[in-house]
Amino acid sequence: MSKIIGPALPNIPWQDKPAGTGDHIWRYTNNPIIKRHAIPSANSVFNSAVVPYKGGFAGVFRCDDRAVHMNIFAGFSDDGINWRINHEPIVFQGDPEVTKLQYRYDPRVCLIEGKYYISWCNGYHGPTIGLGWTEDFVTFHQLENAFLPHNRNGVLFPRKINGEYMMLSRPSDTGHTPFGDIYLSRSPDLTYWGRHRYVFGTADGWQSTKVGPGPTPIETDEGWLLIYHGVLTSCNGFVYRMGVALLDLDEPWKVLRRGSWYLMGPEELYELAGDVPNVVFPCAALTDAATGRVCVYYGCADTVTGLAFTTVDELLSFVKAHPM
Ligand code: BMA
């Protein structure tokens, strides 16, 4: 058995693997867990991130409103499945030049040294990576944008590695970006980011147009497990699927393994139909080190939010069974 390095989470949302499936990940039977009108102003609630918080769970949710403006909202849950999302968006304290709202979307949340850091795609004369933190999901502080535009999918590692904070991201354009590779950047202080390294880029098939990091990487005794999204351009537009890679623990820009198959793609109606059809977009994973369980939160068709279950052994055996 491989080990997750991290705390136990006895109340992780969970359903056992259905008998007879060869899949390495399986959907929650009551998906989607968050519907498109979960708060009165919402057109859609998707691509959102959650963490364990005070015996329950807290999260940051992407809610596009009915003017289809993109913003992020805090929410709380006792069980990780039924969510109470605030009706008002997060307001950040900080330098007004940086906190000025253009748009915010696709948040990730990462606990580092007792603070919950939020990274998201932040409009600042083009998309870049916004960074902020909270201790209570009530008061939020915004830091400097990590990069110049254009960039998306900023994903922090949950601890310093060799004395440095590390973040994955995907440099982009200001539109729908028909390209994209994953890079890693390092920082002594979460303000100044540099010493950039290439991690990996596109590959055949389902990941041939672009790839981008998904949830906070999961630390295991074999390396950092990275769930990421890969995009194919079909005659009907982009198709977003999830895949798995294993990164070196000390030098996480080094790819130890990467799956040639996708882990999960759009198959259910709520993934195939919505504001943007054919999208599964993972932004968070809860883990339980005691059992190896992993629970993935993902956006479905840019409209609703779904849950899927797997384990560290399933993910590692998947990436070994279908190597690139
Ligand atoms: C990406 C982002 C995601 C979205 C995806 C599919 O570029 O905008 O928020 O889920 O496209 O539309």
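Here goes a summary of the coordinates provided.

Conventions used here
Sequence order as written defines residue numbering, which begins from 1 separately in each chain. Restriction of local features to residues with pLDDT of at least 70 applies here, the model being predicted, together with a cutoff of 80 or more for giving and counting side-chain atom pairs; totals for whole chains, interfaces and linings are based on all residues. Based on all heavy atoms of the structure, the side-chain values leave hydrogens and waters out of the count. Helix and strand definitions follow DSSP, with helices as H or I runs of at least four residues and strands as E runs of at least two, each counted in order from the N terminus. Any two residues whose heavy atoms approach within 4.5 Å are treated as being in contact. By definition, two strands form a pair when at least two bridges between them are found by DSSP. Note on geometry: axes are lines fitted to C-alpha atoms, helical ones only across the stretch in contact, with angles between N-to-C directions running from 0 to 180 degrees. For the purposes of this section, nonpolar cores are sets of buried Ala, Val, Leu, Ile, Met, Phe, Trp, Tyr and Cys residues that join through side-chain atoms within 4.5 Å. The buried label applies to any residue whose accessible area, calculated with a 1.4 Å probe on protein chains only, is under 20% of its type's maximum; exposed applies above 50%, and partly exposed to all values in between. The rule for a residue being near a molecule or strand is that one of its heavy atoms must lie within 4 Å of it. Polar contact is the term for a pair of N or O atoms within 3.5 Å; when the atoms are in protein, one must be able to donate a hydrogen and the other to accept it, and sequence-neighboring residues count only if both atoms are side-chain atoms. The classification used treats Ala, Val, Leu, Ile, Met, Phe, Trp, Tyr, Cys and Pro as nonpolar, Asp, Glu, Lys and Arg as charged, and all other residues, Gly among them, as polar. Aromatic pairing here means that ring centres of Phe, Tyr or Trp (its six-membered ring) are within 6.5 Å. Orientation follows from the plane angle: under 30 degrees is stacked, over 60 is edge-to-face, and everything else is tilted.

## A look at the environment of A49
Thought 1: By secondary structure assignment, the location of A49 is in strand β2 (residues 42-53).
Thought 2: For A49 and N162, which are 113 residues apart along the polypeptide, the C-alpha to C-alpha distance reads 26 Å.
Thought 3: Once you skip the residues sitting within four places of it in the chain, A49 turns out to touch A58, G59, V60, P107, R108, V109, C283 and A284.

## Some remarks on the sheet that holds strand β14 (residues 194-200)
Thought 1: Spatially, β11-β12-β13-β14 is the arrangement adopted by the four strands of the open sheet, whose pairing is antiparallel. Both edges of this open sheet fall to β11 (151-156) and β14, since each of them pairs with a single strand only. Going from strand to strand, the sheet's axes swing by 30° on average, the running direction of each strand aside.
Thought 2: Pairing between β11 and strand β12 (residues 165-171): four bridges, direction antiparallel. Looking at the pairing, R152 lines up with R170 of β12.

## Brief notes about the nonpolar core
Thought 1: Counting 39 residues, the largest nonpolar core has W83, I85, F137 and Y297 as its most contacted members.
Thought 2: Counting residues per element, the ones that place at least two in this core are β2, β3 (56-65), β4 (70-77), β8 (115-123), β20 (280-288), β21 (293-300) and β22 (304-311).
Thought 3: At six residues, β2 tops the list of elements feeding residues into this core.
Thought 4: In contact with F137, other than residues within four places in its own chain, are V51, Y53, A58, G59, V60, A74, F76, V109 and Y116.
Thought 5: In this structure, L225, I227, L246 and V280 belong to the second largest nonpolar core, which totals 24 residues.

## Regarding the site of the ligand
Thought 1: Around the ligand sit N47, R62, Y105, D106, Y240, V276, V279, F281 and D302, and that is every residue in its neighbourhood.
Thought 2: At a separation of 2.9 Å, an oxygen atom of the ligand approaches a polar side-chain atom of N47.
Thought 3: Residue Y240 places a side-chain N or O atom 3.0 Å away from an oxygen atom belonging to the ligand.
Thought 4: Of the residues that constitute the shell around the ligand, the class distribution is five nonpolar, one polar and three charged.

## Points about the packing of aromatic side chains
Thought 1: Per the stated rule, a full pass over the model turns up 21 aromatic pairs.
Thought 2: Seen in terms of ring centroids, F92 and F140 are 5.9 Å apart; in terms of plane orientation they differ by 75°. Their pairing is edge-to-face. Of the two residues, F92 sits in strand β6 (residues 92-93) while F140 sits in strand β10 (residues 140-142), which places them 48 residues apart along the sequence. Each member of the pair, F92 as well as F140, carries the same accessibility label: buried.

Any link to function would need more than the numbers given here.
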